[in-house]
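# Structural characterization, general
Each chain, letter by letter, is given below.
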Amino acid sequence: QVQLVESGGGFVQPGGSLRLSCTASGFTLMHYTVKWYRQAPGKEREFVASIGPTVNTELYADSMKGRFTITRVNANSTVYLQMSSLKPEDTGVFYCKAESDFGVPHAYWGQGTQVTVSS
């Protein structure tokens, strides 16, 4: 069964840090581009960061640059999102998405992990 599972969310005060994990099973995540999105309640999902499968490339939304870092640990079939200097506006459900870069284009979404940044 193909699964993509986020974890690591929680409650954090402004300025704090969290590390989110996106772990795959049933497929080889290292061959996929992985993107993180954030969705606040009632709003559309917004792009946060991405990392490619074969090229060492990292992309970030402007509001995340300098604060967030996306990395891979292929042995664990996991992509991480290290988040620092968190702001209240970062609050939302964080989703990871695995996109194929070969064969028939397809993508998998995780169920999301809640991040709440508040005093």
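A brief structural summary. The shown structure was predicted, so the numbers you read here are calculated from the model rather than taken from an experiment.

## Focus on the packing of aromatic side chains
- The final tally for this structure, using the stated rule, is six aromatic pairs.
- Relative to Tyr-32, the ring of Phe-27 lies with its centre 4.9 Å away and its plane at 70°, an arrangement referred to as edge-to-face.
- In this structure Tyr-32 comes out as buried when scored by relative accessible area, which is 7%.
- Aromatic ring contacts, followed pair by pair, group Tyr-37, Phe-47, Tyr-95 and Trp-109 into a single cluster.
- Across the ring face of Tyr-95, the terminal group of Arg-45 is positioned such that the distance to the ring centre comes to 3.5 Å.
- In this structure, Arg-45 packs its charged tip against the face of Trp-109, placed 4.4 Å from the ring centre.

## Concerning the environment of Tyr-95
- Mapping Tyr-95 onto the fold places it in strand β9 (residues 92-100).
- The spacing of Tyr-95 and Gly-8 is 87 residues in sequence and 11 Å in space, taken between C-alpha atoms.
- Discounting residues that sit within four places of it in the chain, Tyr-95 has contacts with Glu-6, Lys-35, Trp-36, Tyr-37, Gln-39, Arg-45, Trp-109, Gly-110, Gln-111 and Gly-112.

## Observations regarding the nonpolar core
- Of all hydrophobic cores here, the largest spans 28 residues; its most connected members are Leu-29, Trp-36, Phe-68, Leu-81, Met-83 and Phe-94.
- It is strand β3 (residues 18-25) that provides the largest number of residues to this core, a total of four residues.

## Side note on the pattern of salt bridges
- Applying the stated criterion across every chain, the model contains six salt bridges.
- Across the salt bridge formed by Glu-99 and Lys-35, the nearest N and O atoms sit 3.3 Å from each other. Of this pair, Glu-99 sits in strand β9 while Lys-35 sits in strand β4 (residues 32-39); the two residues are 64 residues apart in sequence, bridging distant segments of the chain.
- A salt bridge links Arg-38 to Glu-46; the shortest N-O distance between them is 3.2 Å.
- Assessed through its relative accessible area of 8%, Arg-38 is described here as buried.
- We classify Glu-46 as partly exposed; its relative accessible area is 44%.

## A look at the sheet that holds strand β7 (residues 68-73)
- Pairing in this open sheet of four strands is antiparallel, and the strands run β1-β3-β8-β7 from one edge to the other. At either end of the open sheet lies a strand with only one pairing partner, and these are β1 (3-7) and β7. Adjacent strand axes in the sheet meet at a mean angle of 15°, parallel and antiparallel pairs treated alike.

## Focus: the state of the cysteines
- For the coordinates displayed, the defined rule picks out one disulfide.
- A sulfur-sulfur separation of 2.0 Å characterises the disulfide bridge that pairs Cys-22 with Cys-96. Torsion about the S-S bond of the Cys-22 and Cys-96 cystine: about 75°, corresponding to right-handed handedness. One end of the pair, Cys-22, is in strand β3; the other, Cys-96, is in strand β9, and 74 residues separate them in sequence. In terms of burial, Cys-22 and Cys-96 fall into one category: buried.

The rules behind each value
Residues numbered from 1 in each chain as written. Predicted model: local features only at pLDDT ≥ 70, side-chain atom pairs only at ≥ 80, totals over all residues. Heavy atoms only, no water. Phe/Tyr/Trp six-rings, centres within 6.5 Å; stacked < 30°, edge-to-face > 60°. Buried < 20%, exposed > 50% of the residue type's maximum accessible area, 1.4 Å probe, protein only. Lys NZ or Arg CZ within 6 Å of the ring centre and 35° of its normal. Helix = DSSP H or I, 4+ residues; strand = E, 2+ residues; numbered from the N terminus. Contact = heavy atoms within 4.5 Å. Core = buried A, V, L, I, M, F, W, Y, C linked by side-chain atoms within 4.5 Å. Salt bridge = Lys/Arg side-chain N within 4 Å of Asp/Glu carboxyl O. Pairing = 2+ DSSP bridges. Axes fitted to C-alpha atoms, helices over the stretch in contact; angles between N-to-C directions. Disulfide = S-S within 2.5 Å.

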